[in-house]
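Chains, contacts and geometry: an overview
Take a look at the letters that make up each chain.
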Amino acid sequence: MSRRMAKYGTAAATLAIVMSLFIFSWLTLEVPFPTNEYASSKLTRPLAPEEPYDGIATLVSRFLWEYRALDLTGQAFVIVTAVICCLALLKPEEGAS
Amino acid sequence: MLPLSPFLVSVALMLVIGLGCLMIKRDMVRLLIGVEILFNAANLCFIAFSTQNIGFVDPFAHSVVMMAIVLDGTVIAVGLAMVLNVYKHYKTLDIRKLRRLRW
Amino acid sequence: MVAQEFISQGINLPLPLFVLLVGGIISPLIGILAEKVGLVKLREAWMVIVSGAAFVSNYMLYQDLSTSEGDIAVRVIAIWGQNPPLGGCLEIDALSIYMAGSVAFIGFLVAIYSVHYMERESRLTEFYTLVTFMMAGMTGIAMAGDFFTLFIFWELMGLSSYVLVAFLKARWGPIEAGLKYLIMSATAGAFLLLSMALIYGMAGTLNFAMLADSLKGAATTPWLLVLFSTLVVGFGVKSAIVPLHTWLPDAHPEAPSPISALLSGIVIETGLYAMTRVLYLLFDPGVFKMPIALLSVLTMTLANVMALLQSDIKRLLAYSSIAQIGYMLVGLASGTAYGVMGTFLHIFNHSMMKGMAFLSAGSLVHEADTRDIGSMRGVGKMMPFTSLSLFIALLGLGGVPGTNGFISKYHLFAAAFGSDLAWLGVMGVLNSALSMAYYIRIMQVLLAPREDGLKVHEAPVLMVAVTFVMAAIIIILGVWPAPIINLATKASSALVEGLSMYIGAVLG
């Protein structure tokens with residue numbers, strides 16, 4: 001019984017996902033996406049000119065270090081946590097620590 | 001300025017492919033690749049919206065994507081360590097064999 | 001309310017976030033030191049010190065931010081002069097202090113409990129480090145002022161919790177539960193990132209204050225509904241809303257008991273807090289009232305029905321957690337400050353009650369060596385203190401008057417009746433009455449007489465002491481709830497009504 005339920009569940013989920021793909025495509029083509037419509041007027045954005053293509057990389061890295069240092073610090077902690085996680089999962093268990 | 005609709009349709013397509021991979025595939029490593037496809041769909045969406053200013057590129061979206069790539073790389077790494085442990089117990093990489101925990 | 005804008009150039013007060021992060025970094029070094037020197041309980045002592053220091057610094061922050069009229073100001077903290085809205089920031093208001101205080105409090109109690117529970121396990125350094133980082137991640141989510149900062153701390157919390165569920169990797173159960181949890185939660189993280197991309201496309205920024213200024217109150221276009229559904233999917237897996245809850249009944253029983261208490265007590269509530277914060281900052285309450293109400297009814301009913309069929313005590317408590325999340329969604333759906341006050345009050349009360357239930361059940365499982373309710377007949381008489389505190393927790397979860405569970409459920413359902421969602425309140429009361437059935441069944445089995453002469457002795461003193469402290473808090477707050485209601489009211493009015501102060505702190 002549970003195998004039949006699993007088969008119907010998979011079929012229903014596949015149908016739902018394909019239908020949502022069609023709805024999303026129709027939505028994209030019919031209703032235009034409100035790009036920057038809700039951008040507040042108090043927002044100043046340091047846009048990078050796209051003409052010298054190789055200049056974008058330096059500008060992006062300068063933006064990262066100048067404006068997003070808190071997120072970079074958090075990300076350093078995430079990487080340390082991931083190393084400790086892998087250690088915890090892969091260390092062999094002794095009898096008693 | 002590039003047209004936005006092809007980007008959004010391809011984001012939807014990648015979402016469908018990622019979710020389909022999660023539902024259909026049997027191998028555990030392929031499930032993790034499906035999760036990676038979903039993350040890449042979201043990153044593509046960010047980059048698509050950064051091109052929507054005429055003649056300019058917004059570096060905010062690029063920096064967010066750079067950090068998001070690292071974050072989901074760590075999640076996949078821990079997932080692979082867990083798949084290693086599953087293999088030690090079950091001797092198979094088939095996710096359909098992991099049905100011992102019932103409702 | 002008086003707005004107080006304060007962008008500081010450095011760190012002039014130890015934030016609980018910095019205390020937990022620095023404590024988590026030093027913890028592996030303490031672990032290596034403990035192995036070299038041979039001091040047995042050094043790691044546990046460091047964990048208790050760090051979580052106690054986090055709680056104390058939270059209290060100091062609360063004292064620092066209270067103005068003379070008794071309101072709480074909003075403080076924006078940005079490092080090295082990188083101001084919002086372009087830079088990431090931490091924005092601390094009353095709600096952040098409330099959530100961070102709950103995290104630190106239950107973390108402190110669980111740290112004391114796990115001194116005896118985990119003393120025979122291996123890899124203890126990694127255990128305590130990961131618990132500290134999980135608490136740091138939850139504190140960071142409570143204090144984030146920018147959506148991407150929230151995502152980074154969300155991943156920090158999630159990453160630690162995947163491995164803590166699969167910690168006892170010698171058995172097959174935790175590993176299977178941990179893998180399932182990881183795949184579902186990573187998928188939800190991808191959906192959350194997608195919703196952030198849509199918000200960025202619409203508004204050009206990810207800062208909460210600027211989004212509350214520009215995106216709130218917009219007309220309901222189809223794209224906003226797409227954004228709303230990706231947000232609910234992204235936050236809903238972590239907060240165990242019903243179609244997305246299937247990882248929880250496997251993950252919470254298989255985790256070690258202090259981790260189960262932390263997961264059920266505060267991690268899923270942090271997911272719910274993040275969803276509340278984002279929904280109230282981005283949308284009008286009229287947009288999400290009906291969908292959240294439907295999800296709430298579905299969650300409550302399905303979880304209560306499934307809990308009636310369980311025979312494993314920790315799995316039953318896990319389904320009960322899902323049902324309690326359903327009650328908290330009732331407060332979210334009401335759309336008023338009173339309903340949200342009920343939600344946050346229930347978050348704190350549930351962390352006390354469910355945390356204590358898992359800790360007492362963990363003591364029972366630890367001594368009786370089985371998780372099946374039927375095999376635990378009569379154990380209650382042989383472990384009187386543990387089962388007394390378990391009974392108080394179960395009565396509180398069911399909503400018996402005299403415990404703080406009754407107070408918070410009363411406020412939640414009163415808010416539902418008061419905001420013309422009367423059917424939701426009725427369903428909530430019926431579900432609450434239904435849940436008493438399985439709580440009473442546990443108590444009945446534990447007190448029944450025992451046939452074979454199995455002897456179990458009482459749990460160690462420290463574990464019992466922690467459960468007694470939590471039981472005392474449950475009863476005291478049930479009889480005199482005024483201080484916690486005061487805090488919760490300040491927290492909820494900072495979210496729902498104090499938005500101008502929130503926006504003004506960043507935009508000036």
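Residues numbered from 1 in each chain as written. Chains lettered and ligands numbered in written order. Predicted model: local features only at pLDDT ≥ 70, side-chain atom pairs only at ≥ 80, totals over all residues.

1. Brief notes about the overall build of chain C
In plain terms, the rule: A run of H or I in DSSP counts as a helix once it spans at least four residues, and a run of E counts as a strand once it spans at least two, with each numbered from the N terminus. Atoms considered for the radius of gyration are the C-alpha atoms alone. The globule rule reads 2.2 Å times the number of residues to the power 0.38. Any residue pair is listed as a contact if its two C-beta atoms, each placed from the backbone, are within 7 Å.
Per the secondary structure count, chain C includes 20 helices and three strands. Its C-alpha atoms give chain C a radius of gyration of 22 Å, within 12% of the compact-globule value 23 Å for 508 residues. Seen through its principal axes, chain C has C-alpha atoms that stretch 70 × 60 × 45 Å. Partitioning the contacts of chain C with sequence separation of at least 6, the portion at a separation of at least 24 is 80%.

2. Things to note about the overall build of chain B
Here is the rule we go by: We call a residue exposed when 12 or fewer other C-beta atoms sit within 10 Å of its C-beta, buried when the count reaches 20 or more, and partly exposed for counts in between; the C-beta positions come from the backbone.
Within chain B one finds three helices and one strand. Tracing chain B from N to C terminus, the helices and strands come up as α-α-β-α. Scaling as 2.2 N^0.38, a compact globule of 103 residues should have a C-alpha radius of gyration of about 13 Å, whereas chain B reaches 18 Å, well beyond that. Considered along the principal axes of its C-alpha atoms, chain B spans approximately 55 × 25 × 20 Å. Per-residue burial over chain B gives 43% buried out of 103 residues. Across chain B, contacts joining residues at least 24 apart in sequence account for 55% of those joining residues at least 6 apart.

3. Thoughts on the interface of chain C and chain A
For clarity, the cut-off: Residue polarity is assigned by list, with Asp, Glu, Lys and Arg as charged and Ala, Val, Leu, Ile, Met, Phe, Trp, Tyr, Cys and Pro as nonpolar; anything else, Gly included, falls into the polar class.
Between chain C and chain A, the residue contacts involve 46 residues of the former and 35 residues of the latter. Mapped onto the side of chain C that touches chain A, the elements with two or more residues apiece are α1 (16-37), α4 (124-143), α5 (147-165), α6 (172-203), α7 (208-214) and α8 (222-236) of chain C. For the side of chain C that touches chain A, the element with the highest residue contribution is α5(C), accounting for nine residues. Grouping the amino acids of the side of chain C that touches chain A by side-chain chemistry returns 26 nonpolar, 13 polar and seven charged.

4. Remarks on the environment of His62(B)
All names here are of chain B. Relative to the helices and strands, His62 resides in helix α3 (residues 59-90). Take His62: there are 20 C-beta atoms within 10 Å of it, and that puts it in the buried class. Once the C-alpha coordinates of His62 and Phe46 are considered, the two residues, 16 residues apart in sequence, prove to be 7.7 Å apart.

5. Structural notes on the environment of Ile503(C)
Residue and element names in this part refer to chain C. For Ile503, the position within the fold is in helix α20 (residues 499-507). Note: C-alpha distance between Ile503 and Val74 (429 residues apart in sequence) is 9.6 Å. For Ile503, the residues in contact, after removing those within four places along its chain, are Ala209, Ala212 and Asp213.

6. Here's the deal with the confidence of the model for chain C
All names here are of chain C. Counted only if it meets this: On a scale of 0 to 100, pLDDT captures the predictor's confidence in every residue.
Model confidence for chain C is summarised by a mean pLDDT of 87, while 95% of its residues fall at 70 or above. Confidence drops under pLDDT 50 across residues 1-11; counting only partners more than four residues distant or on other chains, this segment forms 23 contacts. Reported confidences for the modelled complex are a pTM of 0.93 and an ipTM of 0.95.

7. Brief notes about the interface of chain C and chain B
How big an interface is tends to be stated in terms of accessible area lost as the parts join. Facing 27 residues of chain C, the contacting portion of chain B comprises 25 residues. The set of elements that each furnish at least two residues to the side of chain C that touches chain B consists of α5 and α6 of chain C. Looking at the side of chain C that touches chain B element by element, the count peaks at 18 residues for α6(C). A per-class count over the side of chain C that touches chain B returns 18 nonpolar, five polar and four charged.

8. Topic: α20(C)
Residues and elements named next belong to chain C. Using the following cut-off: The reported arc concerns the directions from the helix axis to the C-beta atoms and nothing else.
Of the positions making up α20, those classed as buried are Tyr502, Ile503, Ala505 and Val506. All buried residues of α20 lie within an arc of 155 degrees about the axis, which places them on one face of the element. Among the structural elements, β2 (75-77), β3 (90-92) and α7 are those in contact with the buried residues of α20.

9. Focus: unusual backbone geometry
Residues and elements named next belong to chain C. Positive phi, close to 60 degrees, is recorded for Ala240, a residue that is not glycine. Take Ala240: there are 31 C-beta atoms within 10 Å of it, and that puts it in the buried class. Here Asp420, not a glycine, exhibits a phi torsion of approximately 40 degrees, which is positive. Tracing the backbone shows Asp420 in the loop between α16 (404-418) and α17 (422-447). We classify Asp420 as exposed; it has 10 C-beta atoms within 10 Å.

10. Quick notes on the confidence of the model for chain B
Detailed reading of the predicted model is not advised wherever pLDDT is low. Mean pLDDT over chain B works out to 88, with 95% of the residues at or above the 70 mark. Summarising per-element confidence for chain B, the mean pLDDT is lowest in strand β1 (residues 56-57) of chain B (80) and highest in helix α2 (residues 28-50) of chain B (93).

11. Remarks on the packing of α1(C) against helix α2 (residues 42-65) of chain C
For any two helices packed against each other, one specifies the crossing angle of their axes together with the interaxial distance. Residue and element names in this part refer to chain C. Quick reminder of the rule: Under this scheme, a helix contributes an axis fitted over its contacting stretch, all axes are lines through C-alpha atoms, and angles between N-to-C directions fall in the 0 to 180 degree range. When an angle is under 35 degrees it counts as roughly parallel; over 145 it counts as roughly antiparallel; between 65 and 115 it counts as roughly perpendicular; any other value is oblique.
Orientation of α1 relative to α2, taken along the N-to-C sense of each, is 170 degrees, at an axis distance of 9 Å. Relative to α2, the element α1 lies roughly antiparallel. Listed contacts from α2 to Pro16, Val19, Leu20, Gly23, Ser27, Ile30, Gly31, Leu33 and Ala34 of α1 are Leu42, Arg43, Trp46, Val50, Ala53, Ala54, Ser57, Asn58 and Leu61. Taken together, the residues that form the contact of α1 with α2 break down as 12 nonpolar, five polar and one charged.

12. Points about the packing of helix α10 (residues 257-282) of chain C against helix α12 (residues 313-334) of chain C
All names here are of chain C. So the rule is basically this: Handedness of a crossing is defined here by the sense of rotation of the near helix relative to the far one, left-handed for an anticlockwise turn of less than a right angle and right-handed for a clockwise turn.
Interaxial distance between α10 and α12 falls to 11 Å at its minimum, and their mutual angle equals 25 degrees. Compared by their axis directions, α10 and α12 come out roughly parallel. Crossing geometry of α10 relative to α12 is assigned as right-handed. Counting all contacts with α10, which are made through Ser260, Ser264, Ile268, Leu272 and Thr276, the residues of α12 involved are Lys314, Ala318, Ser321, Ile325, Met328 and Leu332.

13. Focus on the environment of Ile259(C)
Residue and element names in this part refer to chain C. Positionally, Ile259 belongs in helix α10. When the 30 C-beta atoms within 10 Å are taken as the criterion, Ile259 is described as buried. For the pair Ile259 and Thr343, spaced 84 residues apart in sequence, the C-alpha to C-alpha distance is 23 Å. Discounting residues that sit within four places of it in the chain, Ile259 has contacts with Leu164, Val165 and Phe167.

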